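# Working through the structure, step by step
Listed below are the residues making up each chain.
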Amino acid sequence: MINQKLQALKQTFDQQFQSEKKRDKRLFFAPGRVNLIGEHTDYNGGFVFPCAITNGTYALAAKRNDNQIRMYSMNFAAAGVKKFSLQQLDYNQEDDWANYPKGMLAKCIQAGQEITSGFDVVFYGNIPNGAGLSSSASIELATGAMLQGLYELTVDRVKMAKLGQLVENEFIGVNSGIMDQFAISMGKKNHGILLDCHSLEYEYAPLNFKDYSLLIMNSNKERTLASSKYNERREECETALRLIQQEKQVEALGELSAEAFEQVEYLLKEEAVRKRARHAVTENERTKESLRQLKAGNLEGFGKLMNESHMSLRDDYEVTGQELDTLAEAAWEQDGVIGARMTGAGFGGCAIAIVEKDKTEQVKQAIQKIYKARLGYEASFYEAAAGDGAKECTEEVMT
Ligand code: GLA
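Report on the accompanying structure.

Each value, and the rule that gives it
Residues numbered from 1 in each chain as written. Predicted model: local features only at pLDDT ≥ 70, side-chain atom pairs only at ≥ 80, totals over all residues. Heavy atoms only, no water. Helix = DSSP H or I, 4+ residues; strand = E, 2+ residues; numbered from the N terminus. Rg over C-alpha atoms; globule rule 2.2 N^0.38 Å. Buried < 20%, exposed > 50% of the residue type's maximum accessible area, 1.4 Å probe, protein only. Contact = heavy atoms within 4.5 Å. Areas by Shrake-Rupley, 256 points an atom, 1.4 Å probe, with all protein chains shown as cover. Lys, Arg positive; Asp, Glu negative; His and termini not counted. Charge placed at Lys NZ, Arg CZ, Asp CG, Glu CD. Polar contact = N/O pair within 3.5 Å; in protein donor to acceptor, adjacent residues only side chain to side chain. Near = heavy atom within 4 Å. Nonpolar A, V, L, I, M, F, W, Y, C, P; charged D, E, K, R; others polar. Pairing = 2+ DSSP bridges. Axes fitted to C-alpha atoms, helices over the stretch in contact; angles between N-to-C directions. Salt bridge = Lys/Arg side-chain N within 4 Å of Asp/Glu carboxyl O. Core = buried A, V, L, I, M, F, W, Y, C linked by side-chain atoms within 4.5 Å. Parallel < 35°, antiparallel > 145°, perpendicular 65-115°, else oblique.

## Let's talk about the overall build of the protein
Secondary structure summary: the protein contains eleven helices and twelve strands in total. Its C-alpha radius of gyration of 21 Å places the protein within 12% of the 21 Å reference for a compact globule of 399 residues. Dimensions of the protein, computed from C-alpha atoms along their principal axes, come out at roughly 65 × 50 × 40 Å. The buried share of the protein, reckoned over its 399 residues, is 60%. The long-range share in the protein, meaning contacts at least 24 apart out of those at least 6 apart in sequence, stands at 72%. On the protein, roughly 17,100 Å² of surface is accessible, and the fraction owed to carbon and sulfur atoms is 43%. Within the protein, the 57 negative side-chain charges are centred at a point lying 4 Å from the centre of the 47 positive side-chain charges.

Structure representation (structure tokens):
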């Protein structure tokens with residue numbers, strides 16, 4: 001399946017860029033990600049526990065001799081080829097999806113990297129857009145890997161993740177944290193990454209679910225972070241931190257234990273602010289505890305923490321909505337499911353569940369039935385595997 005798509009990628013390149021001559025094209029890839037636990041903790045200086053997945057964004061690219069850049073996406077075919085020059089790297093609404101790779105190019109150059117000629121690139125992604133699996137960070141990091149390969153940049157993987165975050169923050173206008181770009185840049189096959197978003201220290205944790213698999217449940221409710229309440233949530237957390245700092249010397253909510261938070265909670269008079277901060281603190285504790293449970297081989301303990309995480313995102317952070325609640329709550333009722341929660345920013349997008357392999361089919365059907373009855377349309381299901389981070393693909397991928 002993927003090989004057919006990659007052949008189509010080659011053909012599309014030749015058609016769109018009319019390159020009869022054989023050009024030196026190179027293929028790059030960046031995955032999407034799911035977050036196992038640790039939601040809305042990254043910009044609060046807390047821990048996250050994501051993994052890269054094997055689906056993602058491919059970029060087939062060739063250098064040009066002039067300063068022109070041409071970009072085409074098979075996922076947005078109707079938008080046609082986006083063209084601009086190396087001297088025109090400002091955000092432009094008309095460039096639509098191409099602002100993500102354009103932003104990455106701009107940030108690499110601003111970071112002092114030497115990119116003096118243009119390129120042609122065709123993208124193809126096999127993660128659904130707006131589904132909370134980080135299609136935007138995926139195209140940013142696929143572009144990063146491409147620029148790294150074509151222009152021999154001197155940017156390490158952590159720095160590349162930070163540049164991707166700058167694209168979101170300064171180019172697109174979403175005040176997101178580092179989690180998505182870090183997971184996508186640093187992903188490792190069959191591993192999750194426990195990341196301290198304050199220090200950027202990280203640890204790979206083997207994901208061995210044995211007789212269980214990780215099921216992704218897409219609510220099929222699309223959203224973009226730019227139009228969601230994402231930035232509002234972040235501001236509420238910043239307000240909470242400022243108020244807490246009147247009494248306690250902390251740099252981030254992630255530094256507070258649940259007990260320490262209880263002592264300063266009274267400073268947060270506004271209920272919404274108090275609830276947001278409570279989520280940030282308790283979620284951070286759950287995330288650290290998750291690693292301990294997984295290391296001890298206690299998958300059930302981890303599943304319970306996943307459920308608690310969803311409840312906190314539903315009741316305190318208020319980012320789940322009817323779609324994600326229906327998916328998670330329907331999953332909790334099923335025999336063979338040991339944990340389920342929304343993943344990513346929320347407001348639509350995907351939930352995940354850990355499901356006994358033998359029961360996956362019946363679990364999917366039961367959840368689908370409940371979802372369709374309540375929402376009037378279907379959810380989609382995918383089985384996820386933890387894959388590698390952004391990289392250049394070797395020739396055999398395409399043959
Ligand atoms: C989005 C952001 C991340 C993170 C999550 C919520 O995916 O891009 O930085 O804040 O939401 O955990």
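## Points about unusual backbone geometry
Of note in this structure, Ser134 is not a glycine but carries a positive phi near 70°. Phi at Asn220 takes a positive value of approximately 60°, unusual for a residue other than glycine. Relative to the elements of secondary structure, Asn220 occurs in the loop between strand E8 (212-218) and helix H6 (230-244).

## Examining the environment of Asp66
On the secondary structure map, Asp66 appears in the loop between strand E2 (47-63) and strand E3 (68-73). Note: C-alpha distance between Asp66 and Lys83 (17 residues apart in sequence) is 13 Å. Not counting residues within four places of it along the chain, the set of residues in contact with Asp66 comprises Ser117 and Gly118. A polar atom in the side chain of Asp66 sits 3.1 Å from the backbone nitrogen of Gln68.

## Some thoughts on the side chain of Ser312
Relative to the assigned elements, Ser312 resides in helix H9 (residues 299-315). At a separation of 3.1 Å, a polar atom in the side chain of Ser312 contacts the side chain of Arg286. Not counting residues within four places of it along the chain, the set of residues in contact with Ser312 comprises His279, Thr282, Arg286 and Tyr317.

## Some words on the site of the ligand
Taken together, 13 residues lie around the ligand, and Glu39, His40, Asp42, Asp180 and Tyr230 are the ones closest in. For the ligand, an oxygen atom lies 3.0 Å from a polar atom in the side chain of Arg33. In the environment of the ligand, an oxygen atom lies 2.9 Å from a nitrogen or oxygen atom belonging to the backbone of Gly177. For the ligand, whose free accessible area comes to 310 Å², the fraction covered by protein is 97%. Of the residues belonging to the shell around the ligand, the class tally is five nonpolar, four polar and four charged.

## A few points about the sheet that holds E8
Ordered in space as E9-E10-E8-E11, the four strands form an open sheet in which the pairing is antiparallel. Two strands close off the open sheet at either side, each with one partner strand: strand E9 (337-342) and strand E11 (380-384). In this sheet, adjacent strand axes meet at a mean angle of 25° when their direction is disregarded. Here E8 pairs with strand E10 (residues 350-356) via seven bridges, running antiparallel. Bridge pairing in E10 places Leu215 opposite Ala353.

## Concerning the pairing of strand E1 (residues 26-37)
Looking along a regular strand, one sees the side chains alternate between the two faces of the sheet. Within E1, eleven of the twelve residues are buried, which leaves it mostly tucked inside the rest of the structure. Note: E1 against E2, ten bridges, orientation antiparallel. Among the inter-strand pairings, Ala30 is bridged to a residue of E2, identified as Thr57. By the bridge criterion, two bridges tie E1 to strand E12 (residues 391-392) in an arrangement that is antiparallel. Looking at the pairing, Phe29 lines up with Lys391 of E12.

## Regarding the pattern of salt bridges
Scanning the model with the defined rule gives 30 salt bridges in all. In this structure, the salt-bridge partner of Lys102 is Asp95, at a minimum N-O distance of 2.7 Å. For Asp95, a relative accessible area of 7% translates into the label buried. Close ionic contact of Lys391 with Asp388 constitutes a salt bridge, the shortest N to O distance being 3.9 Å. When its relative accessible area of 35% is taken as the criterion, Lys391 is described as partly exposed. A network of salt bridges, in which partner residues are shared, links Lys229, Glu232, Arg233, Glu236, Lys275, Arg276 and Glu318.

## Quick notes on the nonpolar core
Residues Phe119, Leu147 and Met217 are the most contacted members of the largest nonpolar core, which totals 79 residues. It is helix H3 (residues 135-151) that provides the largest number of residues to this core, a total of nine residues. Not counting residues within four places of it along the chain, the set of residues in contact with Met217 comprises Leu327, Ala331, Gly349, Cys350, Ala351, Ile352, Ala353, Ile367, Ser380 and Phe381. One finds Ile53, Phe209, Leu291 and Ala384 within the second-largest nonpolar core, a separate group that totals 29 residues.

## What about the packing of helix H8 (residues 271-295) against H9?
Viewed as axis vectors pointing N to C, H8 and H9 meet at an angle of 170°, and their least axial separation amounts to 9 Å. By the criterion of interaxial angle, the relationship of H8 to H9 is roughly antiparallel. Only Leu299, Gly301, Phe302, Leu305, Glu308, Ser309, Ser312, Leu313 and Asp315 of H9 make contact with H8, whose side of the interface consists of Lys275, His279, Thr282, Glu283, Arg286, Glu289, Ser290, Gln293 and Leu294. For the contact of H8 with H9, the class distribution of residues is five nonpolar, seven polar and six charged.

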